[in-house]
Amino acid sequence: MKFIIKSRKVFILLSICLTGLIFTITCKKSADIQIVDLRCEYRKEPIGIDDRRPRFNWVMQSDERNQVQSAYRIIVASNAGSLSKEEGDMWDSGKTISERSIQVEYSGKALESNTTYYWKVRVWDKADRHSAWSNPSCWSMGLLDKSDWQAKWIGVSYNDKEFTRSADTIFTARGSPPGTPSPMLRKTFPLESNVKRAMVYVSALGLYELRINGKKVGDHLLAPEWTDYSKRVQYQTYDVTDMLKPGENTIGAILGDGWYIGTFGQWGDNASRGKNYGSLDRKFLLQLDIRTEDGESTTIVSDESWKGFADGPIRFADMFLGETIDARRNIPGWDNTGFDDSEWKAVHVFPDPGIELVAQMYEPIRVIDTLRPVTVTEPDPGVYIIDMGQNIAGWCRLVANEPEGTKIMLRHGERLTEEGGLYTQNLRRAKQEDIFITSGEPYDTLEPRFTYHGFQFAEITGLSKKPDLSMITGIAISSYPEQTGHFECSNPELNQLWNNILWTQRDNQHGIPTDCPQRDERMGWMGDALVFAQTAIYNMNMAPFYTKWIRDIRDAQTEEGEFADFAPHPNWDRPHLNAPGWADAGLVVPYRVYQNYDDLRVLERQYQSAKKFIDFVHKSNPDLVWRNHAGNQYGDWLNGDLIKSDSYPGEGATMPKDVFATAYFAYSTNILAEMANLLGIGSDAEEYSALADSIRQVFNDNFVSGNGEITGDTQAGYVIALNFKLLPDSLKPLAVNHMLRRISDYDGRISTGFHSTVLLMKELTDWGYTPLAYDLLESHELPSWLYPVDQGATTIWERWDGWVKGRGFQDIGMNSFNHYSFGSVAEWMYRTILGINRDDNHPGYKKFIIKPEPGGSLTWAKGEYHSIHGLIRTEWRSENDRFILNITVPVNTHAIVYVPSDFPESITEGGEEAVNSPGVQQVGMSKNQGIFEIGSGTYQFESKYSIHPKK
Ligand code: BGC
C-alpha cells in the first residue's frame, strides 16, 4: 500500500515534469508569429481573376522584436475539406527555406476556369519554430479561354423597326447623333433545386447595371470601366449564389453609353457620340454558371432568347453631359419574375467584336462616401444652390415630393460666381446636367447611373419649394483601393492640404487615373500620373489598379513604339503621342510599382514596350538630344510663367523644351537599363546603361556650362538635372547653388511646374535645405500649396492661381479645381515629415529608411504606411527639448532609423541607452543624429534635441 502511495506520488511528480517538458518543447516549437492578412494578387479573396500563376502575399505580426520568416509552406486545395486536412491537391510548396512573404508565385497544377481554390500558409521564424496555420483563404478563377465563353453579345438596335422609341430624347453635343434611351434586357429561367454555387461573368460595350430577382448585383458602378475597346474589354465576376432560388428566376440588365459610345474626349468632333469606337450600339454579354444541390450544372448565357425594351425611364445618359430620367416611365418589377413582358421584343444579337475579354483584377468603381449638403442658398428665386462641403466626383441622389411630370434640373460645378450662382465656365462642353421628371409618387428617389460629375456645388431648379437638406445626398464614387497611408501633424492647414490631396486622388480614379473629373477631358493623362504615382502609392494600394492601366498604356502604344500622352487612347487621328514626360510614364509608373511592391511581373510584361519606346526615341534622335518626335512638348507644364499676377515674374520659369526632353530621355533610358538588369537581360542592361551614359554626356555638353549653369537657368532645370542624376559630381554643388539663387530670385517662392515641383522639395532636403522646403510648404503666398487652402479649397487645383482674390478665375479654357499633379508634394510629406522612405536596394519595403526631419511650425507629426510587408508607423513630438520618436516596423523587415539629436550619445530607446537596447544596433553617428538598424517591433527613441518651431 505504502509502496503504491509512494509510487503514485512518484508517478504524479513524473507526470508533472513530463507535462512541463512537453509544454516547454511545444512552446519552443511554435513561433510567436501570427499570419494576419492573406492576399492573392494583392487582394483579399478575389473572385474571377485570370492570371494563371497568381501570386500570394501574407503579413505577419509578432510580439517579439526582430522577428523574421525563415521558411514558409503554402497549401492550395481544390476544396475547403482537403485544405483543412492539409492536403494540397493543387499545390503543396513543402517547407521552403525563404524570407519571401510577398509575390510568391503559385506553382502547382494548372488552374481551371470558373473554379474556386483554397489556400493557407504557415511560416517558420528566425529560430526555425513554425507558426500555426493561417486562417484559410480562397480565390476563384474567371473564364480563362475564349472557348469558355458561350454567351453572345446582345442588345437592342435602334435601327431595328421592331423597337418603338419616343421622340423626346434629342440631346446632342455638337452635331452628335441624338442619344437614345437606355436599353433594358431580361431573361427568366427555372431552377429545380437549391443553388450550391453560382458565378456570373458579365461585360458590356457601353455600361451595364446587372439585376437578379429585383435586386442590383454587386456594388460595381460604371462597369465594365474603360479599356481600349478596339482591343479588349473587361468582364466582372459576381458570386450570386444567394440571389438565386428554386423556381423561376429573372436576370435584368440596363445598358448605358459610357466611354464606348458617349461624348468622351475633347478634341473637335471626336467628342461626338459613337465616334471613339465607331459604334452607337450598346452590347451586353453574360454567362451565368449555376451548380445546384442536386448535382446539376446549368449555364445561362446572353443570346437570342432574351427580351429587350428600348423605351425605359433612362432617356439619355452621357458621362460629360449628364443623365435624364423620366420616372413616369419606371417599370416596376421588370427585373423580377411575374412581370408581363409580352410587349418586349427579342433582342438583337451582334457579331462577336473579336476583342479580348479580360478579368477586372482591381477594385471596381463604387460608392466611397455619401455626403449631406452643408448649406442651401437661393441666389435667384426658385434657383437653389447646395454646397456639399467637399469637391467630389459622383452625383446627387434627390428625394422629391412633387406632382407628376415636374421637371427638376440639377447642374453641377466646382465653384460659385461672385454673385453666388453656379460657376460652370471651366467645364467647357461637359454640361454635367441631370434632369429628373417626377413620377408623382411620394418620395420619388431620383439618381443617375451612367454618368458622373466633378462638383462641390449643385444648382437645383424646378422644385416647388426650397429643398430640405435631408432630401439630397452627395454620392462620391471612385475606383478606391484600400487606403494605405495617413498623415497628421500639428499644423491643421497641412492636414487640410493632405486631405485635399487624398480627395483629389479619390476623385480621379475611375477605371483609369484621370487628370480631372469635371470638364470635357477626364483622360488618363500620363504625365500627371507619372508625377503623382509615388504619392498615390503611399495613399492607397495602387498595384492592381496601375497594373491594369499599364496594360492600357501598352494598348495605346503605336506600332513604331511611341507611347501616347494618355491611355486609353481612342481611335482618333492620334495627334497626342510621345510627349516627353508624358510618354515616359510607360517606364516610370511600372518602375514605381516594382520599387514599392517588389513586383517583377509588371516589369516583365512592360519590358518589350518600354524598349520599343526608347529605341524609337533613339532612332528619331541619333544625336541624343530629344527634339524629333517629341509630340506636343508640354514641358514642365503649368510652371510659374503661366501665373497671372502683377507681383510675380512673368518669365524665367519655363525649362527649354529640348533640355526637358533630353533629361527625360536619359532618365527613362536609365530605368530601362535597370529593368533589363532586374529581368536578367544582361546584354540589354549593358547596352542601355551605356546609352544612358551617352545621353547624360550629351546633356552636359549641350546644356550645362562649366559653372553648373543649365540652359534656361530655371529652378526646374536644376532640380530635374539633380534628381535625374544627370550631372557629374563636381557640378552638383554648383547646380544646387543655382537652384537656391533662382528660388531667391522669386523672393523665396516656387516657379516649378507639374514635373519639377515635388522634385524641388526632394532636392532641397537631399542637399540639406529642409528648412527652406518647410518655408515653401507652409507659405500662404501665391504660388503655394496653402494659398488654395486659405481660399477654402477641398481638392488640389490644376493651377497655382486657379482663383485669386481680387483677380478672380484663371483662363476658362483650362482651370480645373481637382487636378492632383501639384499634390505630389504629399510624397515629400511622407518622406520628410513622417520620415517613411523606401530603400531601393530592398524593394517592397523589405528594408526601409525612417528619417523624419522636423521643421517649420511643427511640434509633432504622426502617420503610417501599410506597406506590402505590413504596417509602418512613425510618430514624433518635441517636448521640453526632448525629441520622442515612436516607430513600428513590420515582421520580416528591417529599418535604418535616423534619430535627430543635439547629443547623439544621449539617444535612448525604451528608456535604455539605445546602443544597449535589445534589437537595436547602432550603425552610424554624426554630430546631429544617431543611426540605428532595427528589426520588427515597436520602438521609442528619445534624444536631446531642441527644435525651434516657427510661429
Ligand atoms: C490636362 C493635363 C495634361 C495636359 C497635357 C491638360 O488638358 O488637364 O493635366 O497633362 O493637358 O499638357
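Residues numbered from 1 in each chain as written. Predicted model: local features only at pLDDT ≥ 70, side-chain atom pairs only at ≥ 80, totals over all residues. Heavy atoms only, no water.

Draft legend 1. Main features of the site of the ligand. By nearness alone, every residue bordering the ligand is listed as D515, R519, E521, W525, D528, W582, Y634, W637, F754, E798 and H819. Measuring from an oxygen atom of the ligand, one finds a side-chain N or O atom of D528 at 2.5 Å. Contact between the ligand and W582: an oxygen atom at 2.9 Å from a side-chain N or O atom of the residue. Here the residues of the shell around the ligand are counted per class, giving five nonpolar, one polar and five charged. (Near = heavy atom within 4 Å. Polar contact = N/O pair within 3.5 Å; in protein donor to acceptor, adjacent residues only side chain to side chain. Nonpolar A, V, L, I, M, F, W, Y, C, P; charged D, E, K, R; others polar.)

Draft legend 2. Representation of the pattern of salt bridges in the model. Evaluation of the coordinates by the stated rule reveals 65 salt bridges. R742 is the partner of D713 in a salt bridge, and the nearest nitrogen-oxygen pair spans 3.9 Å. Note that D713 is positioned in the loop between α10 (682–703) and α11 (715–723) and R742 in helix α12 (residues 732–745), a separation of 29 residues in sequence. Accessibility assignment for this pair places D713 and R742 in one class, buried. Each of E41, D51, R53, R55, E105, D599, R601 and R605 takes part in one network of salt bridges that share partners. (Salt bridge = Lys/Arg side-chain N within 4 Å of Asp/Glu carboxyl O. Helix = DSSP H or I, 4+ residues; strand = E, 2+ residues; numbered from the N terminus. Buried < 20%, exposed > 50% of the residue type's maximum accessible area, 1.4 Å probe, protein only.)

Draft legend 3. Here's a closer look at the sheet that holds strand β10 (residues 184–191). Pairing is antiparallel in the open sheet, where six strands are placed in the order β13-β12-β15-β10-β18-β21. Looking at which strands have only one partner, the edges of the open sheet turn out to be β13 (215–216) and β21 (345–346). The sheet contact formed by β10 and strand β15 (residues 247–256) spans eight bridges and is antiparallel. For M184, the partnering residue across the bridge sits in β15 and is I254. (Pairing = 2+ DSSP bridges.)

Draft legend 4. Expanded view of the environment of L416. In this structure, L416 sits in strand β28 (residues 415–416). Expressed as a C-alpha distance, the spacing of L416 and F457, which sit 41 residues apart in the sequence, is 7.6 Å. In this structure L416 touches I385, G421, L422, Y423, F457 and F809, once residues within four positions along its chain are discounted. (Contact = heavy atoms within 4.5 Å.)

Draft legend 5. Region of the structure containing the packing of helix α6 (residues 543–555) against helix α7 (residues 585–597). Where α6 contacts α7, the axes come no closer than 10 Å and their chain directions differ by 155°. In terms of axis orientation, α6 runs roughly antiparallel to α7. Relative to α7, the crossing made by α6 is left-handed. The segment α6 lies against α7, with A543, Y546, W549, I550 and I553 engaging A585, G586, V589, P590, V593 and Y597. Classifying every residue of the contact of α6 with α7 by side-chain character gives 10 nonpolar, one polar and no charged. (Axes fitted to C-alpha atoms, helices over the stretch in contact; angles between N-to-C directions. Parallel < 35°, antiparallel > 145°, perpendicular 65-115°, else oblique. Left-handed = near helix turned anticlockwise from the far one by under 90°.)

Draft legend 6. How the structure looks around the sheet that holds strand β2 (residues 55–61). The three strands lie next to each other as β1-β2-β6, forming an open sheet whose pairing is antiparallel. Edge positions in the sheet fall to β1 (34–40) and β6 (104–105), since each has one partner strand and no second. In the sheet, β1 pairs with β2 via six bridges, with the strands oriented antiparallel. Residue pairing across strands places C40 opposite F56, the latter belonging to β2.

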